[in-house]
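A structural walkthrough
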Amino acid sequence: MLIHSASQLLTLKGGPQRGKALGTLNIISDGAVVIQDGKIVAVGGSEELKSAYPQEPRMDAGQRVILPGFVDPHTHLIWAGDRANEFELKMSGVPYLDILAQGGGILSTVKATRTASLETLIAQTRPRLFSMFAHGTTTAEAKTGYGLQTATELRLLKALLALNDESPLELAITFLGAHAIPAEYKDNPQGYTDEVTNTMLPTLKEWWQTHAPNLPPPFVDVFCETKAFTLEQSRQILTQAGSLGFPLKIHADEFDNLGGASLAAELGAASADHLVKTSDADIQALAKSDTVAVALPCTPFGLAERDYTPAGKILSAGGLLALATDCNPGTSWNESMQMALALACRYMKLTPAQAIAAATINAAHAIRRAETIGSIEVGKQADLLILAVEDYRQLGYRYGSNLVKKVIKRGRIYSVDTGYHQHA
Ligand code: NIG
Ligand code: FE
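What you see is a predicted model; the values in this text were computed from it and never measured. (Residues numbered from 1 in each chain as written. Chains lettered and ligands numbered in written order. Predicted model: local features only at pLDDT ≥ 70, side-chain atom pairs only at ≥ 80, totals over all residues. Heavy atoms only, no water.)

The next point concerns the overall build of the protein chain. Scanning the protein chain from terminus to terminus reveals 16 helices and 15 strands. By the compact-globule yardstick of 22 Å for 424 residues, the protein chain fits well, its C-alpha radius of gyration being 21 Å. Burial statistics for the protein chain: of 424 residues in total, 59% are counted as buried. For the protein chain, long-range pairs separated by at least 24 residues make up 71% of all intrachain contacts whose partners lie at least 6 apart in sequence. With an accessible surface of roughly 16300 Å², the protein chain has 52% of that area assigned to carbon and sulfur atoms. (Helix = DSSP H or I, 4+ residues; strand = E, 2+ residues; numbered from the N terminus. Rg over C-alpha atoms; globule rule 2.2 N^0.38 Å. Buried < 20%, exposed > 50% of the residue type's maximum accessible area, 1.4 Å probe, protein only. Contact = heavy atoms within 4.5 Å. Areas by Shrake-Rupley, 256 points an atom, 1.4 Å probe, with all protein chains shown as cover.)

Below is the structure:
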């Protein structure tokens, strides 16, 4: 298949973009791309590729933008139920961490998730995957973390593997057994930390070898935060995870600065995420490392908070910045990377070009898949989007509606156009 006549073909070629280099789109105007067997085999100008591939079936992009599919490197996709009642409480002034300390928040989703069957979990999560895909996400990270006990965490993993199998949207799976201290360990957080370290992680290792031997190993993540896991507990869990061969992630500085970002850099984690209250020293440590700073602007927006990730400081220091939705039932029930881009432009002061690079090639690096996805380059997986618009700067500028017209995943074309479909 030869897709030609893209007004702007955003290749994003050249690998992850550090510091001030963020936003290098490497645009081909009147661009084209040739896809064979799910892979990109040629990228260039429309006239050039039409004469080089005269026999190739053609598709006209109609002078619209083509770019790599979005990679969403931080989601809590799999849960049961909702927390509309808590949204009402939060909007009337009750702080998020207070709701959690009273057994609500993450813990109310844990209650609903523990009692949900595998089938229910899959059925409730499927529409979220569909919505992400329709908004242009072709690969998403997905965390467990609403089980907080071995049996339920494994059920969540099973559900994620099933969804990964059935859906064109590809998942990069993360084990987040250390998402909160479960109610039964309320007075013994160290006891739960030891349980994760000494029981859950070795169990995970064995389970993965039998259930998903052909997939890359899952990431292991920890919510390093006041009222969740301390810096020392996070170190304990992540060190053990690293020695079992798991790649690492951390939730750091969402509400308080505990030093999680420096820990991530020290341990060689793939990413440190949230980073709202991050200190200058932590930003320097991150910038010297290959750990990607994943900003989640839908979260402060979802909580109606004032502070966002200090992107300017991270980029001046030479750090790697990516964007994600953080899709979850408590702080950010949003499936659209386009919304994350729009908020990142306004509240983190990114240009549309910077936001696009943070949501594609750098996001791919945050899940350590930048070798195969995140840009339009020969040899990479054919994951791309055809937008409904002619100028890439419409991304970020417009929000709240979907600018994606077609999603191409591993060379297969999915139409997500809306129109009037009247029922008889
Ligand atoms: O990334 N911070 C921890 N986890 C989620 C919130 C999860 C929830 O409230 O259910 C987050 O914001
Ligand atoms: Fe999160």
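Turning our attention to the coordination of the iron ion (ligand 2). Those donors, His 74 (NE2), His 76 (NE2), His 251 (NE2) and Asp 326 (OD), are the protein atoms that reach the iron ion (ligand 2), and they lie 2.0 to 2.5 Å from it. In the primary structure, the donors to the iron ion (ligand 2) are separated according to the pattern H-x1-H-x174-H-x74-D. With His 251 in strand β9 (residues 249–252) and Asp 326 in the loop between β12 (321–323) and α13 (337–347), this pair connects stretches of sequence that are 75 residues apart. Like Asp 326, His 251 is buried. (Donors = N, O, S within 2.8 Å, 3.2 Å for Na, K, Ca; no water.)

Another point: the state of the cysteines. With the rule as written, the count across this model stands at 0 disulfides. Not engaged in a disulfide, the cysteine Cys 345 finds its nearest cysteine sulfur in Cys 298; these two sulfurs lie 12 Å apart. (Disulfide = S-S within 2.5 Å.)

Turning next to the pairing of strand β13 (residues 384–387). Here β13 shows two buried faces, one formed by Leu 384 and Ile 386 and the other by Leu 385 and Leu 387. Summarising the sheet, strand β4 (residues 58–68) and β13 pair through 3 bridges and their orientation is antiparallel. Looking across to β13, one finds that Leu 67 is bridged to Leu 385. Pairing analysis gives 4 bridges linking β13 to strand β14 (residues 404–409), with the strands arranged antiparallel. By the bridge assignment, Leu 384 is partnered in β14 with Ile 408. (Pairing = 2+ DSSP bridges.)

Another point: the packing of helix α8 (residues 231–243) against helix α9 (residues 260–267). As a packed pair, α8 and α9 sit with axes 10 Å apart at the nearest point and diverge in direction by 25 degrees. As summarised for this structure, α8 and α9 are arranged roughly parallel, according to the angle between their axes. As α8 runs across α9, the sense of the crossing is right-handed. Here Leu 231, Ser 234, Arg 235, Leu 238 and Thr 239 of α8 come into contact with α9, specifically with Gly 260, Leu 263, Glu 266 and Leu 267. Taken together, the residues of the contact of α8 with α9 break down into 4 nonpolar, 3 polar and 2 charged. (Axes fitted to C-alpha atoms, helices over the stretch in contact; angles between N-to-C directions. Parallel < 35°, antiparallel > 145°, perpendicular 65-115°, else oblique. Left-handed = near helix turned anticlockwise from the far one by under 90°. Nonpolar A, V, L, I, M, F, W, Y, C, P; charged D, E, K, R; others polar.)

Take the site of ligand 1 next. Around ligand 1 sit 16 residues in total, of which Arg 83, Tyr 96, Tyr 146, His 179 and Glu 254 are the nearest. Here an oxygen atom of ligand 1 sits 2.7 Å away from a polar atom, N or O, in the side chain of Tyr 146. Within the side chain of His 251, a nitrogen or oxygen atom sits 3.4 Å from an oxygen atom of ligand 1. In the complex, the protein chains occlude 100% of the 320 Å² of accessible area that ligand 1 would expose alone. Class assignment for the residues of the shell around ligand 1 results in 4 nonpolar, 9 polar and 3 charged. (Near = heavy atom within 4 Å. Polar contact = N/O pair within 3.5 Å; in protein donor to acceptor, adjacent residues only side chain to side chain.)

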